[in-house]
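Observations on chain architecture
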Number of protein chains: 2
Amino acid sequence: MAQRERVWRVVEEVLERIRPRDSEIGEALRVYSIIRDRLSRGFPHDVFHIDLYGSIAKGTALSGDLDLDVFVLIPREYGKRWIRENFVRIAREALGDIEAEERYAEHPYLRARIGGFEIDIVPALRISIASEAITAADRTPFHTEYVRRMLKGDLGDHVRLLKKFMKGVGVYGAEIRVGGFSGYVAELLVISLGGFVEVLESASRWRPPVVIIPPGAEDKVSMSEALRIFRGSPLVIPDPVDVRRNAGAAVTLRKLSEFIVASRLFLEKPTKYFFEPVEINESMVERAIEIHSYRGTCTVFIEISLGRNAPDNIWGELRSLSRRIYNILESENYPVLRRDEYWDEESGEALIAIEMLACSTREPLEIKGPPAWVNNSVDFIEKQLGMGYGFWIDDSGRLMGVRRRERSAIEAIEAIIKAGTPKDIKTMIRISVNPREVIDRWIDKPGFKEWVYTLLTSVPRYMAHV
Amino acid sequence: MAQRERVWRVVEEVLERIRPRDSEIGEALRVYSIIRDRLSRGFPHDVFHIDLYGSIAKGTALSGDLDLDVFVLIPREYGKRWIRENFVRIAREALGDIEAEERYAEHPYLRARIGGFEIDIVPALRISIASEAITAADRTPFHTEYVRRMLKGDLGDHVRLLKKFMKGVGVYGAEIRVGGFSGYVAELLVISLGGFVEVLESASRWRPPVVIIPPGAEDKVSMSEALRIFRGSPLVIPDPVDVRRNAGAAVTLRKLSEFIVASRLFLEKPTKYFFEPVEINESMVERAIEIHSYRGTCTVFIEISLGRNAPDNIWGELRSLSRRIYNILESENYPVLRRDEYWDEESGEALIAIEMLACSTREPLEIKGPPAWVNNSVDFIEKQLGMGYGFWIDDSGRLMGVRRRERSAIEAIEAIIKAGTPKDIKTMIRISVNPREVIDRWIDKPGFKEWVYTLLTSVPRYMAHV
C-alpha cells in the first residue's frame, strides 16, 4: 500500500488548494442573494421558483471556480415558447443595473459577472419527474437533489479531486469542443465507485464500452440492458433520475481513452501536475518548436475566419471541415498523422492543424491495382501505360504501379476549401507550414500556448513539467 | 470475328519465321546421328538405348532454337549411383574429340556444342511406367511418346506459337529463375484446349487456381480431386503419364498472372511484339533512365559476388537474400515497392534491385501503438516519451506516435548483409542508387539491357516498341 500512500500525499496537498474556503463560499452566497432578490422583482414567488443549483449547491465546487447556476423555474404550462419570448426581457428588467450578456443553449439565458463570479441565470420548466424534461436544464433540479442526497461524508472532496484531475488531464467538459466528462458524470462516478482513487483504479482497468449503473438506477436497468439501449456509446451511465438517458453520452472514445491513460500514469507515478499542469510560457513554446523540428514531421496550419453562433455549432462546423480535409488528404495517400483545431471565440478566428509525416510535394505514390484475373485489369494497365508510369505484377498476382501526385498537400487543401465550407466558416485567411510564423500571430490568444505546446510536442500538459 | 482475323494475320506472319525449315531439321538430325554414333561406342545397343527426345522429336521446336536432348537410357537395376559414378566418364570417352561441359541437374550430364546446336546428353533410368521414375529425366521418354501421339495435324505449329509467345512475354521456363511454363506444359495446354488462340482465350478468363485435365488423365482424376491433391498450386495440370504429379507445379502465381495479362492484351491488340519483342538497345536504356527519374522512385542496386553451383541453387539463394532484404526493409516501414534480381552466370556476379518510393534517409515514421485500454499501453507511452517523440490518442482510442528512423535504407541493407548471407553468396561488392553508374558497369552482360529496361520503365518488353 506504499503506492496508495504516495497517491494520498499528493491528493491531500492538492485538496488543500481546491477546497473553497468558507469566506469564498460566503461571498458566493452573498452574490447569489443579491441576484435572487433582483430576480424576484420580475419572477414573483407565487408563480416562479428561484434556486441555486450546480456545484456550489452540491458541495463540489472548486476554489477559485465558484460559478453560480441560478435557475428560474417556470410553471410547466407556460411552455418553451413563453420562455423564448419573455424570459430574457423580464430578467434584464429585474436585474436593473446588473449587466448581463445574452447567451444561447437550448433557450436564451443570461450571464452576469460580479466580483470575479460568473453567474448564469437559466430558465427551466418546473416538472414533477425528470423524464418529463423538455430541455436539459429542466433536469438540473433533479440532478442537484440526487447528488446532495448521495454525496455523504467527504465524498464532495472526492468529486472536487476528480473534477480537478479531469480538468488537468484535459477530459473535463461535455461540450462538443471537449467531448469529455461533465461535472454530473464526475459526481456519478464518485457516487458509484466510492471515491477519487477508486474511480481512477477502476478507470485504469476499463475497456470500452464501459457500463456503470449508479445507485438508484440498479433496480430500473441492468448492465446488459443499458449496453443494448446505448449501443455505440463508449461510456454508458444510465442517469439515475431518468434511466432512459445516458449521462455519459457526450464522452467520446478518444476522451475516455485519454482518461484511462491518465489514470494509469497517475497511479503509477502520482504527481500534482495531473491536477495542476504547469503554465506553458513562451520559452516552453520555443522549445516545442525545436522538438517539432527534431521530430521531423510537417504541420500545416490553416487559419480561417468564422461567423458568430453558439459555441457548439461553431465547433461542430470547425471539426467537420477539419475532418473533411483530413479524410480527403488521406484518401489521396498523403502521409497524414492527425488533426487538431483551435478557436478564439473573441476574434472569431480559428486554426486547423494537420500534422503529416512530410509535406514535400509530388513524391510518387504506390498504386495497388486489381488482381490480374479480374475483369477490368486491362483498364488499369492501359491507364498506367498511358500516363507513362508502367505497371508490374507482384507475387500474389496483383497489378501494381506508381504515379506522381497531381497536387501538393497544400494545393489539395486550398482546393477542398474552395469547393465549399460549412455555413459559419467565412474565409480562409492563410496556410502556413511554419510554426514560428503562426505562433507569432496567435501567441497572445487565450489557451493558445497550451494548445500549440501539446500539438508540437505530443506531450500531454500533465507531463510538460518533466 | 474481325478480331480473330487480326489475330491470325499476326500469327501467320510469326509462324513463317518460327517454323524450322527442312534444311534446319535435316542439319539437326545429322548432328544427332554423329552424337549417337559416338555415344554407342561407350553405351552399346544390347544394354543401353540412345534416343532423341525433346522438341525436335515432338515436332514443336522453334527455328533457330533446335536444341537436342539426347538421352541414354540405362537399365533400371544399374540405379542412380551407377549413373553418378560412371556416366560422365564413359560419355566423355565415347564422345572423343567432341568437347562437352559437365553440368548438374538431378544427375551430372554433359552439354556439347556443334555448329550452332546445343546438345544435352542426359542419362535416365529405363522404366516401364512413368510413375516408377526416380528422377525427372526418367519420365522424358513417356512425355515424348504422349505428345507425339496427341499432337495431330498442325497442332505442332500451335505449340511453336504458344512457346514463342510465352518466351516473348517472359513466362517460358520452369527453372527457378523464371518459375514459368515448361515446353511440356505448353504442349499439354494446346492438346487440352485445342490450339494457340484457344489457349490464350482460355487464359484471358482464368482465375487461379486453374485446373486443366489433359486427355488421357480425365478417367484417372477429376477436377475437384486434382484441386484437392495439388492445393496451393496456382496451376494444376495432372501429368497424363503420371497423374500423381502436377505438370504445372513450377508455375508461380506471378507468372500465371503475367500470362493472363499478356493473353488479354494480345487478344485486344494483337501485334508481333508479343512473340518478338524489340531488341533493347543502348539508347532505349538511356530513355529508361530518364523515365525512372521522372517516376521519381529510388532504386537501390546491390552488387554481389556469387560462388559456383547449379543455376537453380544459385537462383534460390539469390532470391532468398533478396526476399530477406525486402522483408526487413518493409517491416521497418521503408516505402519498398518491389524487388528484382539479375545474375550473370559467366562472371558469377549478381544484382539485387530494390525499388522504393524514396531512399532519402531518416524521415519520421508513424508508429501505431496499442489501444489505450490494453495492459501494456503505459509501456508504449513511456517508450515514446523517453525517446522525446511524445504520443497522442486517436479517435478510436489507439495510442499513436512518430519516431525517426534509426538508420537509412542503405545502412539497413548493409547491416542485413553483414549479419549473414546464404552459403554461395560470397561478398557484397557495392551498393548504388545511381542507375547510370550501375548500367555503365553491367551493360554488356547478356540479357542485362532487357532486364534493366523493364525494371526502370515498368513496361513489359512486349510493349517496349510503343
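Residues numbered from 1 in each chain as written. Chains lettered and ligands numbered in written order. Predicted model: local features only at pLDDT ≥ 70, side-chain atom pairs only at ≥ 80, totals over all residues. Heavy atoms only, no water.

**Describing the overall build of chain A**
Going by this rule: Elements are defined by DSSP. Helices are runs of H or I of four residues or more, strands are runs of E of two residues or more, and each kind is numbered from the N terminus. Partly exposed describes any residue whose relative accessible area lies between the buried limit of under 20% and the exposed limit of over 50%, with all areas from a 1.4 Å probe on protein chains only and scaled to the type maximum. Every accessible area reported is derived by Shrake-Rupley at a probe size of 1.4 Å, with residue values counting cover from the shown protein chains alone. The charged-residue count follows a simple rule in which Lys and Arg add positive charge and Asp and Glu add negative charge, with His and chain termini not counted at all. For charged residues, the charge sits on one atom: NZ in Lys, CZ in Arg, CG in Asp, CD in Glu.
Within chain A one finds 16 helices and 16 strands. Seen along its three principal axes, the alpha-carbon backbone of chain A occupies a region of about 85 × 60 × 50 Å. In chain A, buried positions account for 55% of the 466 residues. On chain A, roughly 20,500 Å² of surface is accessible, and the fraction owed to carbon and sulfur atoms is 48%. Distance between charge centres in chain A, computed from 67 positive and 70 negative side chains, equals 2 Å.

**Description of the side chain of B:Lys255**
What counts here: Two residues qualify as a contact provided that any one of their heavy atoms is within 4.5 Å of a heavy atom in the partner residue.
Mapped onto the elements of the fold, B:Lys255 is located in helix α10 (residues 253–268). Ignoring sequence-local partners within four residues, the contact set of B:Lys255 consists of B:Gly170, B:Val171, B:Val178, B:Gly179, B:Gly180 and B:Phe181.

**A short note on the interface of chain B and chain A**
For clarity, the cut-off: Note on definitions: buried area is the accessible-area loss of two parts on being combined, 1.4 Å probe, summed for both. Salt bridge, as used here: a side-chain nitrogen of Lys or Arg that lies within 4 Å of a carboxyl oxygen of Asp or Glu. What qualifies as a polar contact is a pair of N or O atoms within 3.5 Å, subject to a donor-acceptor requirement within protein and to the restriction that residues adjacent in sequence count only when both atoms come from side chains. Polar here means any residue outside two lists: the nonpolar Ala, Val, Leu, Ile, Met, Phe, Trp, Tyr, Cys and Pro, and the charged Asp, Glu, Lys and Arg; Gly therefore counts as polar.
Across the contact, 54 residues belong to chain B and 54 residues belong to chain A. Of the roughly 4,500 Å² buried at the junction of chain B and chain A (both faces included), carbon and sulfur atoms supply 61%. For the pair chain B and chain A, the interface holds six salt bridges. The closest approach of N and O atoms between B:Arg254 and A:Asp395, which form a salt bridge, is 3.7 Å. Linking chain B to chain A there are 18 residue pairs in polar contact (both at pLDDT 80 or more). Breaking the side of chain B that touches chain A down by element, the ones donating at least two residues are α10, α11 (282–295), β11 (336–344), β13 (364–371), α13 (377–387), β14 (392–393) and β15 (398–404) of chain B. With nine residues, α10(B) is the largest single contributor of residues to the side of chain B that touches chain A. Residues that form the side of chain B that touches chain A fall into these classes: 28 nonpolar, twelve polar and 14 charged.

**A short note on the pattern of salt bridges**
Tallied over the full model, the rule gives 78 salt bridges over all chains. What you see here is one network of salt bridges that share partners, running through A:Glu101, A:Arg103, A:Arg111, A:Arg113, A:Glu118, A:Asp120 and A:Glu345.

**Considering the relation of the copies chain B and chain A**
This is how it is decided: Residues below a pLDDT of 70 in either copy are left out; the C-alpha atoms of the rest, at least 70 in both, set the least-squares superposition of the copies.
Expressed as a screw transformation, the operator carrying chain B onto chain A has a rotation angle of 180° and an axial translation of 0.0 Å, and the superposed copies differ by an RMSD of 0.1 Å. Both chain copies can therefore be described as sitting about a two-fold axis. Among all residues of chain B, the one whose C-alpha sits closest to the rotation axis is B:Pro335, at a distance of 5.8 Å.

**A few points about the domain arrangement of chain A**
Residues and elements named next belong to chain A. Cut-off, in case you're wondering: Domain boundaries shown here were taken from an automatic or database domain assignment.
For chain A, the assigned domains read domain 1 (19–135), domain 2 (151–274), domain 3 (283–361 + 410–463) and domain 4 (364–404). On a C-alpha basis, the centroid separation for the pair domain 1 and domain 2 is 27 Å. Across the boundary between the two partners, domain 1 contributes eleven residues, which contact twelve residues of domain 2. With both sides pooled, the region where domain 1 packs onto domain 2 buries about 950 Å², and carbon together with sulfur makes up 49% of that total.

**Focus: the sheet that holds strand β15 (residues 398–404) of chain A**
Which entries qualify depends on this criterion: Here, a strand pair is defined by DSSP locating no fewer than two bridges between the strands. Here an axis means a line fitted to C-alpha atoms, over the contact stretch when the element is a helix, while the angle between two N-to-C directions is reported on a 0 to 180 degree scale.
On the basis of which strands lie adjacent, the open sheet formed by three strands has the order β13-β15-β14 (chain A) and antiparallel pairing. Strand pairing shows two members of the sheet lacking a second neighbour, β13 (364–371) and β14 (392–393) of chain A, which therefore form its edges. Both β14(A) and β15(A) contribute to a ladder of two bridges, which runs antiparallel. Paired with A:Ile393 across the strands is A:Leu399, a residue of β15(A). Together, β13, β14 and β15 of chain A form the strand contacts of α11(B), whose direction differs from that of β15(A) by roughly 80°.

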